[in-house]
Amino acid sequence: MAIAAQAGIAAQDPSQPCPVALGAIPCVLSGCAIIVRGQPRGGPPPERQINLSNIRAGNLARRAAASQPDSKDTPDEPWGFPAREFLRKKLIGKEVCFTVEYKTPQGREYGMVYLGKDTSGENIAESLVAEGLASRREGIRANNPEQSRLAELEEQARSAKKGMWSEGTGSHTVRDLKYSLENPRHFVDSLHQKPVNAIIEHVRDGSVVRALLLPDYYLVTVMLSGIKCPTFKREADAEVPEPFAAEAKFFTESRLLQRDVQIVLESCHNQNILGTILHPNGNITELLLKEGFARCVDWSIAVYTRGADKLRAAERFAKERKLRIWRDYVAPTANLDQKDKQFVAKVMQVLNADAIVVKLNSGDYKTIHLSSIRPPRLEGDSAQDKNRKLRPLYDIPYMFEAREFLRKKLIGKKVNVSVDYIRPASSATDTVPAFSERTCATVSIGGINIAEALVSKGLATVLRYRQDDDQRSAHYDELLAAEARAIKNGKGLHSKKEVPIHRVADISGDTQKAKQFLPFLQRAGRSEAVVEYVFSGSRLKLFLPKETCLITFLLAGIECPRGARNAPGLAQEGEPFSEEATLFTKELVMQREVEVEVESMDKAGNFIGWLHIEGVNLSVALVEQALSRVHFTAERSPYCKALLAAQDAAKQRKEKVWSHYEETPVEEVVPVLEEKERTTNYKPVFVTEITDDLHFYVQDVETGAQLEKLMENMRAEVGAHPPVEGAFVPRRGDFCIAKFVDGEWYRARVEKVESGGKVHIFYIDYGNKETLPPTRLAPLPPAFSPRVLPPQATEYSFAFIQVPQDEEARADAVDSVVRDIQNTQCLLNVEHLGPGCPHVTLQFADSKSDVGLGLVKEGLVMVEPRKERQFQKVITEYLNAQEAAKSARLNLWRYGDFRADDADEFGYSR
């Protein structure tokens, strides 16, 4: 207890020789010394020590000074502790008045103390002497009424054999003080968390006290479980208080110091005893939090036996009112509207073991991360095979089990979301990747906290935070308790058993494995599957649990709008309603358990068949929603009638893909330039681009050197005089230069200008198209205009073949041509003119074999019958190749000759 030189307490009557002062008693030092506290003025009040005049009581025990190795513990003097207890019970917390009779040169003050507000109250010194707990000082003569009164009381006590005047040495009043515990943990456990009577002897700071445990006189330091107050730090031999440290200490002192209390000893941490102090007037732990003098601490809150939720609620009370240490507190969700803090949403996808995608009532999608938990992860150098790509879902122990737990519990269900904090975006470092802004929340369903359920099963761990980090789950203590249970019971990540291994074969795109697997799936009929990913409305990735493999699955019987594609150097926009079809499929089947019927596979190793979810055929559902058309291959399936009926209804409604539906117009007859004999004059060309309708662009090899020279000069010019960004205003038909993804400038023509800063351009020397912002365009210098060197990319189409109108079949043909001839040199011969561009035959430069004839042989395209006499020989060769492809049932012909009955409907003619 600090002693102030000046108490700052005004005397009641300055004219008196011994002025009377008032104060309260916070502490009794011994049977003849007390601490008197004044009134608070903007902080903890001043204090002064008053020693009782003319009497002496026994000294209390003192522990040997740690700085003096030769010193020894000093025990109580007989009747010293009873005298102290007499005063403690009589005075603590009471108001007294006192007079200072004299002061020693060392500053010790001696005086008389009276209980109450004036000297008519009980004289404390006389009461001590009357009870035989103190004696008159030796050498004091009874030469005044006060001393005579003391002498009289002492004689009465001596006659009555009270206290120190009783028979015997008084050794029974000497305490056997125990200053340390040999095994603190064993001592705490032996009490079984039963309340122990105690006296608070000293308050170090607001949350740490020194307590005397009764009746065995253990003197122990007790830290309040679950909280921490500001402390006093020692700097340069002086104690420097943290903000509100002195106020917190006074708050605890004024309520507990030298009070009779009960303490529940709850745990032991690094030789420090953790406990809760119970007082008839309340729980000091909760009071400190509620008044803003303390904060909750995670490492000890779990042992608090009165309920951690009460402590969190008290801390939250102080935070909301910004009391004391929380005066600058800003809640993690302070900037969110109430509707954004708590809402109900439908779970659409489980991203991993700690994140989900939900659909809000507004129809928007939002990614939610579960607060304060970490999904399973690889510890150390666990990835043994460096040559194999890591698949986190299957290769990280317990990641698959965690994902499956969330998927089965949440997919398609409505959940309650309570946002705890927003984790701001972070940039990448050498060891940590970049993260975008994350919304972290508590997600519950049916009153169950999903994060807590995950942790309790050992499928996730709880994050640890700095003590001042409030960006955490509102149910953080429950998460810690759940983790402790999981560790104790050896669940999941904490199990000592062998880690579960998931050997999942990914045969997506593996043609050889797919061929081997196809007969098995065909014989299996309906197989169970889980939809792992939705690429487009009709293209999905499935996990087959019984077969433990991943496959790419295409919906049979329908033709879905093709989605956007980002090919190298070409950003192609998706067809109308492609995004709607993808979204519909995602909402219906994403991560759901489904049944599939596999009918066949394509040449890329993708399986084709029917998918059912809860009795709904996904192909039929897409057609019903006018998000897909019926494909001609559906005619032999058992679902053909349902598909056609759904398509007819959609046509009648004229919705979405049928919004512009009209009767099929009469096919336009293209005039053909007749020649008597077929002329062949093959010239070398370089194929630069293949379009989706199987047209292609070529450069003349003979002018290639001129183009290279022009490009070199143009780039040098642009490098010497860089264009000003944004100076070029694009207009349709303008020639310009455009910066390609490789960072180089190329000649281009503006095809279309959209609002929002999108410009569609055509690279005139290469034939590819791209959509760019205006900032990547600049004026074409006149020295490099098309007048100097005409555009080098010329468009052509294959002669004698008919491109399939079915999108997937056409895509297969395009993919084959891209693999064979793009960016290669070929030989080109113009056969006849067409409505848009010349029709030609192409030959490989090395083998001289016909590229178009090769497509016919593979069954990727059909022959275009022509009646001109000069073409009959080559047409006959093409038709023979087509019959061979039909017989082998290759690609287009895998279901036989489909054109007989459906030629008009599907745009084919014989």
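Residues numbered from 1 in each chain as written. Predicted model: local features only at pLDDT ≥ 70, side-chain atom pairs only at ≥ 80, totals over all residues. Heavy atoms only, no water.

> I would appreciate a short explanation of the nonpolar core in the present structure.
Here is a general trend for soluble globular proteins: nonpolar side chains tend to be buried in one another's company. In terms of nonpolar packing, the biggest core is built from 47 residues, with Ile-356, Ile-368, Ile-373, Leu-410 and Leu-454 touching the most fellow members. With 6 residues, the top contributor of residues to this core is helix α11 (residues 399-410). Sequence-distant contacts of Ile-356, defined by excluding residues within four places in its chain, comprise Val-347, Gln-349, Val-350, Leu-351, Lys-366, Thr-367, Ile-368, Leu-410 and Val-443. In terms of nonpolar packing, the next biggest core, distinct from the first, is built from 41 residues, Val-531, Leu-542, Val-589 and Met-590 among them. (Core = buried A, V, L, I, M, F, W, Y, C linked by side-chain atoms within 4.5 Å. Buried < 20%, exposed > 50% of the residue type's maximum accessible area, 1.4 Å probe, protein only. Helix = DSSP H or I, 4+ residues; strand = E, 2+ residues; numbered from the N terminus. Contact = heavy atoms within 4.5 Å.)

> Please clarify how the packing of aromatic side chains should be interpreted in this entry.
Each aromatic ring pair is described using two quantities: the centre-to-centre distance and the angle formed by the ring planes. A complete count under the given rule lists 21 aromatic pairs for this structure. Aromatic pair Tyr-394 and Phe-543: ring centres 6.2 Å apart, planes at 35°, arrangement tilted. One end of the pair, Tyr-394, is in helix α10 (residues 392-395); the other, Phe-543, is in strand β28 (residues 539-544), and 149 residues separate them in sequence. By the burial criterion, Tyr-394 is buried, and Phe-543 matches it. With 5.5 Å between their ring centres and 65° between their planes, Tyr-465 and Tyr-476 make a pair best called edge-to-face. Residue Tyr-465 is found in the loop between β25 (461-462) and α13 (476-489), and its partner Tyr-476 is found in helix α13; the two are separated by 11 residues along the sequence. The two residues Tyr-465 and Tyr-476 agree in class, both being buried. (Phe/Tyr/Trp six-rings, centres within 6.5 Å; stacked < 30°, edge-to-face > 60°.)

> Can you walk me through the UniProt feature "domain: Tudor" (unreviewed entry) in the protein in this structure?
Residues annotated by UniProt as "domain: Tudor" (unreviewed entry) correspond here to residues 729-787. Along residues 729-787 the backbone is 0% helical and 47% strand, and the end-to-end C-alpha distance reaches 22 Å. (UniProt positions renumbered as here; feature names shortened; annotations may be inferred.)

> I keep staring at the UniProt feature "domain: TNase-like" (unreviewed entry) in the protein and nothing clicks. Help me out?
What UniProt calls "domain: TNase-like" (unreviewed entry) maps, in this numbering, to residues 19-167, 194-328, 341-496 and 525-660. With 27% helix and 41% strand, residues 194-328 has its two end C-alpha atoms placed 39 Å apart.

> Just to check I follow, could you spell out the sheet that holds strand β6 (residues 109-115) for this structure?
Paired through backbone hydrogen bonds, the strands of a sheet run either parallel or antiparallel to each other. On the basis of which strands lie adjacent, the closed barrel formed by 5 strands has the order β1-β2-β3-β6-β5 and mixed pairing. This sheet shows a mean twist of 55° between the axes of neighbouring strands, independent of strand direction. Direction of pairing for strand β2 (residues 33-37) relative to strand β3 (residues 47-52): antiparallel, over a ladder of 5 bridges. Its bridge partner lying in β3, Val-36 is registered against Arg-48. Sheet strands touched by helix α1 (residues 80-91): β1 (20-30), β2, β3, β5 (95-103) and β6. Its angle to β1, the strand with the most contacts, is close to 135°. (Pairing = 2+ DSSP bridges. Axes fitted to C-alpha atoms, helices over the stretch in contact; angles between N-to-C directions.)

> I'm lost on the environment of Val-701 in this one. Help?
With respect to the helices and strands, the residue Val-701 is situated in the loop between β38 (695-700) and α18 (704-720). Take Val-701: its relative accessible area is 32%, and that puts it in the partly exposed class. Residues in contact with Val-701, not counting those within four places in the same chain, are Pro-684, Val-685, Phe-686 and Gln-825.

> Where do I start with unusual backbone geometry in this structure?
Keep in mind that most residues, glycine aside, have a negative phi and that most peptide bonds are trans. Following Leu-214, the chain continues to Pro-215 via a peptide bond in cis, the omega torsion being 5°. Checked against the element boundaries, Pro-215 lands in the loop between β9 (208-213) and β10 (218-224). For His-192, which is not a glycine, the phi torsion comes out positive at approximately 55°. Positionally, His-192 belongs in the loop between α4 (184-191) and β8 (196-205). Of the residues examined, His-192 reaches a relative accessible area of 61% and is grouped as exposed. Notably, Leu-694 is not glycine yet its phi reads approximately 70°, a positive angle. Looking at the element boundaries, Leu-694 is found in the loop between β37 (683-690) and β38.

> Can you help me understand α4 in this one?
Residues lying three or four places apart along an α-helix face the same way, a consequence of the helix completing one turn every 3.6 residues. Here α4 has its buried residues at Pro-184, Phe-187 and Val-188. Buried residues along α4 cover an arc of 95° about the axis, so they all sit on one side. Buried residues belonging to α4 abut β9, β10, β14 (260-269) and β15 (272-279). Backbone geometry just downstream of α4 places His-192 in the positive-phi region, at approximately 55°. (Arc of directions from axis to C-beta.)

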